[in-house]
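Next come the chains, spelled out residue by residue.
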Amino acid sequence: MARLQAEHVYKVFGRRPEDAVRRLEDGASREELRADGTTAAVIDASFSVDEGQIFVVMGLSGSGKSTLLRTLNGLLEPTAGSVRFDGQDLTSLSDRELRKVRSEKISMVFQHFALFPHRSVLENAAYGLEVQGVPRAEREKRATEALHLAGLEGWEKSWPDELSGGMQQRVGLARALATDADLLLMDESFSALDPLIRRDMQDQLLELQKTLKKTIVFITHDLNEAMRLGDRIAVMRDGRIVQIGSAEDILLRPANDYVASFIQDVDRSRVLTAGAIMVDADEVLGRTADHGETIRTAEDFLAAAPATVPLDTPVAELFGPCSLGTVPVAVVDAEGALAGAVPVQRLLSVLGEGGQPGGTAGQAGGTAGQADAVKTETVKTKTAKTKAADTRAAEAEAAPTETADKKADAGGRQTAADGTADVQPDGKPDGMTGGKPEGKVIAGA
Ligand SMILES: Nc1ncnc2c1ncn2[C@@H]1O[C@H](COP(=O)(O)OP(=O)(O)O)[C@@H](O)[C@H]1O
Ligand SMILES: [Mg+2]
């Protein structure tokens, strides 16, 4: 059942935003508006997220991901459109009601998770509950449980500066889990982590989600991360959602050339499964098995197939069996019943689709990065004024500004008041990191 629903959400920054929405509805482009100093950050976004789903919003830096996310918890009011959680329209709530929904039902995890330096890990994890006014004993109990879930058992009494970056990010996750919020909004939560730690965190999130069944919106500019985590993925470009679908939908049926160019470096063999690419088993009937007999029934096929694999087998694992003889690999469902077949031709054509000649299949190295394939936009520094506007609500529940400010000063880089930063430590816009390093890790794992 859909718990979160966004319908025709627009967010325009600048003067007379409502006029801008009307112009967009009449077909004006984002560029035309920009010429007037108006930024259409989110244009006509509609989607819904079910309980237990991880909905990933993916796009380059500046495509509107963070803005969209902030409309989902009421940090930003949409210029037009509606956001509903459990049927309740956030845009219709008073400030007070909104704060209550935000503190009880929604948690946010940012890229640069700022911890209170003079509080223990436990107290940091309990912060959201403290804001809610939960009594000490109760909040410490729940924070302890959340720390266990986040893999930080035994670190409760430590100080933040005793933790690695990855562990600090786990505290951020624990803080979000401790509040029992059903809706988790994660903005580039793992983007600042080293590839290996990042993968760990992705695994942990997937593992937690199996039992906790939260409703999660996860923002990333990293395609491989999107493909790993997303039950459904929305690809954003210039403020618009250009495609929504599963990883397989997006790989096999990119909605347009933009999406196609975006995905060309993905290691398809790791993302696609036997179930997604199989053909009808009937196509095998009438073929001749390697021992010379004709395959007439499902039983004949199962007996003659070089391998029988479950639906969720990564395509990468089909190369070996597919190259054995002429009979396709058999794909079976959870009950062991024949579900389809993967002939070697199908395997090769799927892996070649959208890829470069030679394909990306199974090659760990790949070619020059995605940054070349898709031009990245330069991140514009927000003005002090617009930052102040965002700060308004962000202060209520986000990371403590004390440490966020300190970090910003120390690094000399732009950091929004809510603890998110649009710029990587090396000063590059976040879109520049592309999916390549991760791709190698995935391919090599
Ligand atoms: N408070 C703001 N005021 C004016 N423009 C903004 C504000 N926040 C974001 N923008 C602009 O909206 C666009 C989308 O930004 P953002 O949502 O941060 O993208 P992403 O998270 O995908 O990098 C960018 O052009 C950005 O400069
Ligand atoms: Mg962002």
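If you're wondering where the values come from, they're calculated on a predicted model, not measured in any experiment.

1. Focus on the overall build of the protein chain
Argument step 1. A count of helices and strands for the protein chain gives 21 helices and 13 strands.
Argument step 2. The buried share among the 445 residues of the protein chain stands at 45%.
Argument step 3. Residue pairs in contact within the protein chain that sit at least 24 positions apart in sequence constitute 70% of those at least 6 positions apart.

2. Here we look at the nonpolar core
Argument step 1. Residues Ala125, Leu147, Ala174 and Val342 are the most contacted members of the largest nonpolar core, which totals 105 residues.
Argument step 2. Both domains that meet at this core, namely domain 1 (2–266) and domain 2 (274–352), each give it at least three residues.
Argument step 3. With sequence-adjacent residues up to four places away left out, Val342 is seen in contact with Ala274, Ile277, Met278, Leu318, Cys322, Pro328, Val329, Val331 and Leu347.

3. What about the sheet that holds strand β11 (residues 308–310)?
Argument step 1. Pairing within the open sheet is mixed, and its 3 strands lie in the order β11-β12-β13. Among the strands making up the open sheet, the edge pair consists of β11 and β13 (338–342). Ignoring strand direction, the axes of neighbouring strands in this sheet form an average angle of 35°.

4. Some points on the packing of helix α7 (residues 136–149) against helix α8 (residues 165–178)
Argument step 1. For the pair α7 and α8, the least separation of the axes is 8 Å and the interaxial angle reads 130°. In terms of axis orientation, α7 runs oblique to α8. Both α7 and α8 take part in a crossing whose hand is right-handed. Mapping the contact onto sequence places Arg142, Ala143, Ala146, Leu147 and Leu149 in α7 and Ala174, Leu177 and Ala178 in α8.

5. Some points on the pairing of β13
Argument step 1. With 4 bridges connecting them, strand β12 (residues 329–332) and β13 associate as antiparallel partners. Bridge pairing in β13 places Ala330 opposite Ala341.
Argument step 2. Here β12 hands over to β13 after 5 residues, with Gly336 in that stretch at a positive phi of 90°.

6. Remarks on the pairing of strand β4 (residues 80–85)
Argument step 1. Pairing analysis gives 5 bridges linking strand β1 (residues 2–13) to β4, with the strands arranged antiparallel. Bridging from a neighbouring strand, Leu4 pairs with Phe85 of β4.
Argument step 2. In this structure, β4 lies alongside strand β5 (residues 88–89), joined through 2 bridges in antiparallel fashion. What sits directly across from Phe85, in β5, is Gln88.

7. Some details on α7
Argument step 1. Over its 14 residues, α7 runs 20 Å from end to end, which matches the ideal 20 Å to within 8%, given 1.5 Å per residue.
Argument step 2. Packed against the buried residues of α7 are α5 (121–125), α6 (127–132) and α8.
Argument step 3. Gly151 sits one or two positions beyond α7 and adopts a positive phi of about 80°.

8. So, unusual backbone geometry
Argument step 1. Of note in this structure, His8 is not a glycine but carries a positive phi near 45°.
Argument step 2. Structurally, His8 is set in strand β1.
Argument step 3. Of note, Asp180 is a non-glycine position whose phi angle comes to about 65°, a positive value.
Argument step 4. Secondary-structure assignment places Asp180 in the loop between α8 and β7 (183–187).
Argument step 5. Asp180 sits in the partly exposed class, given 17 other C-beta atoms within 10 Å.

9. Section: the sheet that holds β1
Argument step 1. What the 4 strands build is an open sheet, ordered β2-β1-β4-β5; its pairing is antiparallel. Of all the strands in the sheet, the pair left with one neighbour each is β2 (39–50) and β5.
Argument step 2. The sheet contact formed by β1 and β2 spans 8 bridges and is antiparallel. Across the sheet, residue Ala2 finds its bridge partner in β2, namely Asp50.
Argument step 3. Across the sheet, helix α3 (residues 65–72) is in contact with β1, β2 and β4; its angle to β1 comes to roughly 125°.

10. So, the environment of Glu140
Argument step 1. Within the element layout of this structure, Glu140 appears in helix α7.
Argument step 2. In this structure the C-alpha to C-alpha distance between Glu140 and Leu129, which are 11 residues apart in sequence, comes to 9.0 Å.

11. Points about the confidence of the model for the protein chain
Argument step 1. When pLDDT is averaged along the protein chain, the result is 79; 79% of the residues meet or exceed 70.
Argument step 2. Note that pLDDT drops below 50 for residues 354–445; the model gives that stretch 160 contacts with residues more than four away or on any other chain.

12. A word on the environment of Gly59
Argument step 1. Position of Gly59 among the secondary structure elements: in strand β3 (residues 54–59).
Argument step 2. Gly59 sits 183 residues away from Val242 along the chain, and the two C-alpha atoms are 9.9 Å apart.
Argument step 3. Residues within four places of Gly59 in sequence aside, it is in contact with Lys65, His221, Val235, Met236 and Arg237.

13. A word on the environment of Lys11
Argument step 1. By the element assignment, Lys11 lies in strand β1.
Argument step 2. The buried category is assigned to Lys11, around which 24 C-beta atoms lie within 10 Å.
Argument step 3. The spatial distance from the C-alpha of Lys11 to the C-alpha of Gly64 is 9.0 Å, given a sequence separation of 53 residues.
Argument step 4. With residues up to four places along the chain from it excluded, the contact list for Lys11 reads Ala41, Val42, Thr67, Thr71, Leu76, Pro78 and Thr79.

Procedures and definitions
As a convention, each chain's residues are numbered from 1 in the sequence order in which they are written. Chains and ligands are labelled by the order in which they are written, letters from A for the one and numbers from 1 for the other. Where totals are concerned, whole chains, interfaces and linings use all residues; where local detail is concerned, this predicted model gives features only for residues with pLDDT of at least 70, and gives and counts side-chain atom pairs only at 80 or more. Put simply, DSSP marks the helices as runs of H or I at least four residues long and the strands as runs of E at least two long, and each gets a number from the N terminus on. To sort residues by burial, count the other C-beta atoms lying within 10 Å of each one's C-beta; a count of 20 or more means buried, 12 or fewer means exposed, and anything in between means partly exposed. C-beta atoms are built from the backbone. Contact criterion: two residues are in contact if their C-beta atoms, reconstructed from the backbone, are within 7 Å. Put simply, a nonpolar core is buried Ala, Val, Leu, Ile, Met, Phe, Trp, Tyr and Cys residues tied into one set by C-beta atoms within 7 Å. Annotation comment: domain bounds sourced from an automatic or database domain assignment. Two strands are counted as paired when DSSP detects at least two bridges linking them. To obtain each axis, a line is fitted to C-alpha atoms, and for helices this fit is confined to the stretch in contact; angles are then taken between N-to-C directions over 0 to 180 degrees. Roughly parallel means an angle under 35 degrees; roughly antiparallel, over 145; roughly perpendicular, 65 to 115; everything else is oblique. Working rule for handedness: look at the near helix, and if it is turned counterclockwise from the far one by less than a right angle, call the crossing left-handed; if clockwise, right-handed. Here, expected helix span is obtained from the residue count minus one, scaled by 1.5 Å. On a scale of 0 to 100, pLDDT captures the predictor's confidence in every residue.

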